[in-house]
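For reference, the chains in residue letters:
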Amino acid sequence: VVHMGTLMSEFDLDAALRKRPGLILIDELAHSNLPGSRYPKRYLDVEELLNAGIDVYTTVNIQHIESLNDVVAQITQVRVREIVPDAVLDKADAIELVDLTPDDLIQRLKEGKVYLPKQAERALKNYFSPANLTALRELALRRTAEHVDEQLLEQMQARAIPGPWAAGERFLVCVSEDPRSAGLVRHTKRLADRLHAPWIALCIETNRSLHFGETERDRLAATLRLAERLGGEAITIPMKARTIADDIIAFAQKVNVTHIILGKSMRSRWFEILNGSVVHDLVRRSGNISIHVVAGDELQQQNAPSAPGPFDSSGPFDPLPYLWAVLAVAAGLAVGLLVKPHVGIENVDLVLITAIIGVAVRYGLWPSLLASVLASFCYNFFFLPPVYTFTIAEPTNVAAFALFTVVAVIVSNLAARGRKLTVSALERVRSVESLYAFSRKLAGTGTLDDVLWATAFQIASMLKVRVVLLLPENGAIEVKAGYPPEDFLDDADLAAAKWAWEKNRPAGRDSEALPGAKWLFLPMRTGRGAIGILGISRDDPAPLLRPEQRRLLDALTDQGALAIERVNLVEDIDRVQRIAETDRLRSALLTSISHDLRTPLASILGAAGALREFPRALDDKEKADLVTTIIDESERLNRFIANLLDMTKLESGAVIANTAAHDVGEIVGTALRRASKILSGHRVEVNIGADLPLVMIDAILFEQVLFNLLDNAAKYSEPNSTIRIQSWRDQEAVKLQVLDEGGGIPDDDIERIFDKFYRAQKGDQVRAGTGLGLAISRGFVEALHGTIVAANRSDRSGAAFTISLPIPQATLTEETAA
Amino acid sequence: MSAAPVKILVVDDEPPIRKLLRMGLTAHGYEVLDAPNGKTALELLIKKPNLVILDLGLPDIDGLELLRRIRLRQEHLPIVILSSRGDEAGKVAALDLGADDYVTKPFGMAELLARMRAALRHELQVHGERPVFHVGELTVDLVRRIVKIGDRDAKLSPKEYDLLRLMVQHAGKVLTHKFLLRELWDEPTDTQYLRVYVRQLRRKIETEPERPEYLLTETGVGYRLRAPD
């Protein structure tokens, strides 16, 4: 790997994974990988190896353990930047302490066995003083002892050896935006670990938290993340009670906390007298909960991360508000000079104050302070005698000037703060409103595509980022939607997305894994697990999201994930229903085939067998009858198979209507010809309206529809009764009706008569037929954009099937034009 | 017609069908050659059959390809296609490639014989049209351009007459939409116009236009005029 112009070698994770050794030895667990590596930290490489089933032996120095970070920094006055989370250490099956007395270590350093001579000298001077080494050695011994203790405990638990168990201790650490909070969290982690107790980091949102700048918010978020990383639970609750202490106690009692840890107050005595002290309040009300007040460590402050440049909310200096402030004061002055003769000098200051308030409300604190200062000078110069000098003659006017200045500053402060609050409140309202609108929009969308698109669009427009959404398909994760829609991912990005999906962890830009990707990929999770991946990106190289944007993104992502899950669940239900339906149909089909195929086959075999076995016993008429039976039953079989084929085509969506303008009457003619044998026992009346417009249909499909209807009519009515076919125009449709004179359709069956394999009962006798004809008719008619309904005749007994076909728009337009 | 028996070449890969056709056709006085595949069929053309019955689904050569090759060698040899139901596209393609007619499996012997007769008749007719055509009540005098239903004159427009004349010249044979459009109109025309003329013609020559006796629709393929009695 080439880094900063120098060729440096780096551990090749992929090569190690490819070789799949049983065990791998890796030095320096805390090592930071060079940029361009898959992970920024070596311990992440190790995790990957462990996940791949490869055992790892590794080494780590005590100063790199995350929870010991403060202590080490206190001892050595150097903050170590390469940190290994405690969780990694806890995962170790065994820890072996490589112990050495400080003198021996110093000796080894001097002999150049650890660092090159030059580095060694520097290290000796700064870091490896005998005192430091002794302290570090003690830390290492203690940490190992803790681990051994845990193992012992596990063994005892495994063998069900009774107590001494951790007696239900539970720690609560109160954190705030204070930079020392991180130290408190680490301290709590160590305490809790020693007692094997769970712990919670609690942050209470007060009115004060609303005024936090970006730096404070970042720091608070970082502290809460640290708590989660160290294995604690991070919880933020809004302030409800009168004092913070009340809220802490209420929460602590709710979750059965036994120890509360908080930092030593840095507030002044005056502040405590005025506002009360949280520590005192807590101690007074804590009852049986122990309160630990811990000294914060000062080192934190100098190491507190400063807000990165691009997050700075103040932006570049804008002179315009200050110009307006000057102008406002000038205007106030002009008005003051005009009204002075009429209202008197004691009221002129109100005019100036008005100008200041105006500036404060419009432009905020600093321009209004400028206005205050300017206004006081003007007040002095133009109004307080002697006018046009900065001197003040009368002592009462000195008081007036002083009061004016104080009032001006206070007013500008208050107004500016009011403005800030209004602005932030408006922003909140706006983001809450758009969140609400988003959730309503999602609730209204039915298809997966709509949900994906709405989610991508919402995130893109609220956070001003590019968005892609990836969902699993056939085991792999694929881009399903994006905003802007033309975005695509290159291979490196896709690999990061895949990684995020497989590990259910963030990956890509600004994250721990694969930080080289251009996109940041976040798993979208619901209660049932990850359902997809959200990718975001922006063209400028600055970090993608501010903490509050990250919170907003989390809210949006959660809503999107829930909506996607909802759609997926609906689809799942549909699928299950379809499967149930298919099963029902399959069994109906089996019954149908076994009955309907075998009956004609039996007749055919019987008749053909008779003709072959004993032809002499039969006279000519009987022989002719048997031959007719063979032919008729074969034709019935043929129709049945044709029906099955049609149904299969419909089911598989293979019916492609080849529509063209057709005359309904012509197709009635061909259907009647095809059905002539079936209809030979019936009278047929045809009544087709003259000059019916042509309709767009597929002649073959429609002929089959009519054939099935005629077949049905013949089957369900007595021989010699009349079957009527009539067609007429009804506004913008052509209607076609097939009427028989049979018993009609039982009322209960009218809805079900088009179901597959459904046959109307007549007494206990089921009519011969496939139970498919009407289902096919409906399928075909619908494929032709028409409708078919069944009803009973109103003039007499009998069934009436009515098909309605739309008249083409072009024909209608022509008619209107004519 | 000469006394020599008419030779029919049956091309089908199903032995039962070949056996059935051989029996049925021999019983009607035809001489039968049969081929289980395209290769044999092409070889048997040497024996100068008078008509070919061709199944489109053959194991070695695509049915349409075989049809093209037969046409290359013998331009006027009548060919009747055996097709399966639902393969309207294949049927139409075969007719457009020069097949004379088709029957759909499963078929009756009577139907096949009628198609064969129509195809063979057309082959004989090429040399001289019959001046007067009779079927049922319908009489068409091609010389005097008179159409009668029973004793009643049918007044046809020139286009309707052209359509009927064309159908009469190929009576008993199916004529595809494409063929009719090409013969009746100089420029490309929509099938829709053909349907309109057929409807008008039926009103003039059929007793029950909705249940035509003479001018029959072959759904998805074209039209057929009933063969003369």
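The written sequence of each chain sets the order in which its residues are numbered from 1. Labels follow written order: the first chain is A, the first ligand is 1, and so on. Reporting of local features is limited, given that this is a predicted model, to residues whose pLDDT is at least 70; pairs of side-chain atoms are given and counted only at 80 or more, and all residues count toward the totals for whole chains, interfaces and linings. Think of the side-chain values as coming from all heavy atoms in the structure, minus any hydrogens and water.

(A) Spotlight on the pattern of salt bridges. Throughout this description, the term salt bridge denotes a Lys or Arg side-chain nitrogen within 4 Å of a carboxyl oxygen of Asp or Glu. Scanning the entire structure with this criterion turns up 39 salt bridges over all chains. Where aspartate 193 of chain A meets lysine 189 of chain A, a salt bridge forms, and the shortest distance between an N and an O atom there is 2.5 Å. Residue aspartate 193 of chain A and its partner lysine 189 of chain A are both found in helix H8 (residues 181-194); the two are separated by 4 residues, about one turn of the helix. Residue lysine 189 of chain A is classed as buried on the basis of its relative accessible area, which comes to 3%. Between aspartate 101 of chain B and arginine 224 of chain B there is a salt bridge whose closest N-O contact spans 2.7 Å. Residue aspartate 101 of chain B is located in strand E5 (residues 101-105), and its partner arginine 224 of chain B is located in strand E12 (residues 222-225); the two are separated by 123 residues in the primary sequence. The exposure class of arginine 224 of chain B is buried, given its relative accessible area of 4%. When salt bridges that share partners are traced, they join Asp490, Asp493 and Lys518 of chain A into one network. Strands are runs of DSSP state E lasting at least 2 residues, helices are runs of H or I lasting at least 4, and numbering of each runs from the N terminus. To sort residues, take the accessible area from a 1.4 Å probe on protein chains only and compare it with the maximum for the residue type: under 20% means buried, over 50% means exposed, and anything in between is partly exposed.

(B) Just a nonpolar patch on the surface, in detail. Residues and elements named next belong to chain A. Surface patches are defined over residues having more than 30% relative accessible area and no salt bridge, joining like charges when they lie within 9 Å and nonpolar side chains (Val, Leu, Ile, Met, Phe, Trp, Tyr) when within 5 Å. In these tables, accessible area is a Shrake-Rupley quantity obtained with a 1.4 Å probe, and a residue counts as shielded only by the protein chains included in the view. Taken together, the side chains of Leu320, Leu323, Trp324 and Leu327 define a hydrophobic patch exposed on the protein surface, amounting to about 400 Å² of accessible area. With respect to the element layout, leucine 327 can be found in helix H14 (residues 320-343). Of the residues examined, leucine 327 reaches a relative accessible area of 44% and is grouped as partly exposed.

(C) Representation of the pairing of strand E7 (residues 138-141) of chain B. Residues and elements named next belong to chain B. What you see with E7 is no split at all: Leu138 and Val140 on one side and Thr139 and Asp141 on the other are buried throughout. At least two DSSP bridges between two strands are needed for those strands to be called paired. Following strand E6 (residues 132-135), the chain reverses through 2 residues before pairing antiparallel with E7; glycine 136 in that reversal takes a positive phi of roughly 55 degrees. The sheet contact formed by E7 and strand E8 (residues 146-149) spans 4 bridges and is antiparallel. Residue threonine 139 lies in a different strand from E8, and its bridge partner there is lysine 148. Remark: 4 residues form the turn of the hairpin made by E7 and E8, two consecutive strands paired antiparallel; arginine 145 in that turn has positive phi of roughly 55 degrees.

(D) Structural context of the interface of chain A and chain B. Two residues form a contact once any of their heavy atoms are found within 4.5 Å. Taken together, the contact between chain A and chain B spans 24 residues of the former and 18 residues of the latter. Buried area: the accessible surface (1.4 Å probe) lost by two parts on joining, summed over both. A combined buried area of about 1,800 Å² lies between chain A and chain B, and 49% of that area is made up of carbon and sulfur atoms. Taken as a group, Glu666, Arg673 and Ile700 of chain A account for 28% of the area that chain A buries against chain B, more than any other trio of residues on that side. A salt bridge links aspartate 663 of chain A to arginine 199 of chain B; the shortest N-O distance between them is 3.0 Å. N or O atoms closer than or at 3.5 Å make up a polar contact, with two conditions inside protein: a donor-capable atom paired with an acceptor-capable one, and, for residues adjacent in sequence, both atoms drawn from side chains. Summed over the shared surface of chain A and chain B, the result is 8 residue pairs in polar contact (both at pLDDT 80 or more). Broken down by secondary-structure element, the contributors of at least two residues to the side of chain A that touches chain B are helix H22 (620-651), strand E15 (660-662), helix H23 (664-674), strand E16 (683-688) and helix H24 (699-715) of chain A. Per element, the largest residue contribution to the side of chain A that touches chain B is 7 residues, and it comes from H23 of chain A. Gly is placed with the polar residues, together with every amino acid not listed as nonpolar (Ala, Val, Leu, Ile, Met, Phe, Trp, Tyr, Cys and Pro) or charged (Asp, Glu, Lys and Arg). Considering only residue class, the side of chain A that touches chain B consists of 12 nonpolar, 6 polar and 6 charged.

(E) Inspection of the sheet that holds E12 of chain B at higher detail. Residue and element names in this part refer to chain B. The strand order across the open sheet formed by 3 strands is E10-E12-E11, and the pairing between neighbours is antiparallel. One side of each edge strand has no neighbouring strand; the edge strands of this open sheet are strand E10 (174-176) and strand E11 (215-218). Strand-to-strand twist of the sheet, defined as the mean angle between neighbouring strand axes without regard to direction, takes the value 30 degrees. Both E11 and E12 contribute to a ladder of 4 bridges, which runs antiparallel. Bridge assignment links leucine 215 to a residue of E12, and that residue is leucine 225. Each axis is a line fitted through C-alpha atoms, taken for helices only over the stretch in contact, and angles between the N-to-C directions span 0 to 180 degrees. Of the strands in this sheet, E10, E11 and E12 are in contact with helix H6 (residues 158-169), which crosses E12 at around 70 degrees.

(F) Quick peek at the packing of aromatic side chains. Residue and element names in this part refer to chain A. Geometry of aromatic contacts follows a simple scheme: Phe, Tyr and Trp rings, the Trp one being its six-membered ring, pair when their centres are within 6.5 Å, and the pair is stacked under 30 degrees between planes, edge-to-face over 60, tilted otherwise. Counted by the stated rule, this structure contains 6 aromatic pairs over all chains. Here tryptophan 453 and phenylalanine 457 contribute two aromatic rings whose centre-to-centre distance is 5.2 Å and whose plane-to-plane angle is 5 degrees, an arrangement assigned as stacked. Taken as a pair, tryptophan 453 and phenylalanine 457 lie in helix H18 (residues 448-463) at a separation of 4 residues, close to a single helical turn. Judged by its relative accessible area of 42%, tryptophan 453 falls in the partly exposed class. Put simply, the rings of Trp453, Phe457 and Tyr483 pair up and form one aromatic cluster. The cationic tip of arginine 674 hangs over the ring face of phenylalanine 707; the distance from NZ or CZ to the ring centre is 4.2 Å. In this scheme, the term charge over a ring applies when either NZ of a lysine or CZ of an arginine sits within 6 Å of the ring centre and within 35 degrees of the ring normal.

(G) Seen up close, the nonpolar core. Phe702, Leu710, Leu736, Phe801 and Ile803 of chain A are the most contacted members of the largest nonpolar core, which totals 50 residues. Here this core gets 10 residues from one element, more than from any other, and that element is H24 of chain A. Residues enter a nonpolar core if they are buried and are Ala, Val, Leu, Ile, Met, Phe, Trp, Tyr or Cys, with the set joined through side-chain atoms within 4.5 Å.

(H) Examining unusual backbone geometry more closely. For the bond from tyrosine 483 of chain A to proline 484 of chain A, the omega torsion is -5 degrees, close enough to zero to count as cis. Among the structural elements, proline 484 of chain A can be located in the loop between strand E11 (476-483) and helix H19 (491-503). Phi at asparagine 504 of chain A takes a positive value of approximately 55 degrees, unusual for a residue other than glycine. Locating asparagine 504 of chain A in the fold gives a position in the loop between H19 and strand E12 (507-508). With a relative accessible area of 28%, asparagine 504 of chain A lands in the partly exposed category. Not every positive phi belongs to a glycine, and arginine 145 of chain B is a case in point at roughly 55 degrees.

(I) Region of interest: the packing of helix H7 (residues 177-184) of chain B against helix H8 (residues 191-205) of chain B. All names here are of chain B. At a closest axis distance of 10 Å, the pairing of H7 and H8 adopts a crossing angle of 85 degrees. If you check the angle between H7 and H8, you find them roughly perpendicular. Only Thr191, Leu194 and Arg195 of H8 make contact with H7, whose side of the interface consists of His177, Leu180, Leu181 and Leu184. In terms of residue class, the contact of H7 with H8 is made up of 4 nonpolar, 2 polar and 1 charged. In what follows, roughly perpendicular refers to angles from 65 to 115 degrees, roughly parallel to angles under 35, roughly antiparallel to angles over 145, and oblique to any angle outside these ranges.

(J) Quick peek at the environment of aspartate 27 of chain A. Its location among the elements puts aspartate 27 of chain A in the loop between strand E3 (23-26) and helix H2 (42-51). Taking the C-alpha atoms as reference points, aspartate 27 of chain A and arginine 42 of chain A, separated by 15 residues in sequence, lie 9.6 Å from one another.

(K) Representation of H14 of chain A in the model. Residues and elements named next belong to chain A. For H14, built from 24 residues, the straight-helix expectation of 34 Å at 1.5 Å per residue is met to within 8% by its first-to-last C-alpha distance of 33 Å. For H14, the principal kink sits at leucine 337 and spans about 35 degrees; a proline, proline 341, occurs within the next four residues. Considered for burial, the residues of H14 that qualify are Pro321, Ala325, Val329, Gly332, Leu333 and Gly336. Just downstream of H14, glycine 344 is the residue with a positive phi angle, here 90 degrees. Each residue after the first adds 1.5 Å to the expected span of a helix. Bend is the name given here to the angle between axes fitted to two runs of seven residues, the run ending at a residue and the run starting at it.

(L) Looking closely at the sheet that holds strand E5 (residues 171-175) of chain A. Residues and elements named next belong to chain A. An order of E7-E6-E5-E8-E9 is seen for the 5 strands of this open sheet, with the pairing classed as parallel. Each edge of the open sheet is held by one strand with a lone partner, namely strand E7 (233-238) and strand E9 (290-294). Taking each pair of neighbouring strands and ignoring which way they run, the sheet shows an average axis angle of 25 degrees. Inspection of the sheet shows E5 paired to strand E6 (residues 199-205) by 5 bridges, in the parallel sense.

(M) A look at helix H16 (residues 365-383) of chain A. For H16 of chain A, which comprises 19 residues, the first-to-last C-alpha distance of 26 Å matches the rise-based estimate of 27 Å (1.5 Å per residue) to within 8%. Pro367, Ser368, Leu369, Ala371, Ser372, Ala375, Ser376, Cys378, Tyr379, Asn380, Phe382 and Phe383 of chain A are the residues of H16 of chain A that are buried.

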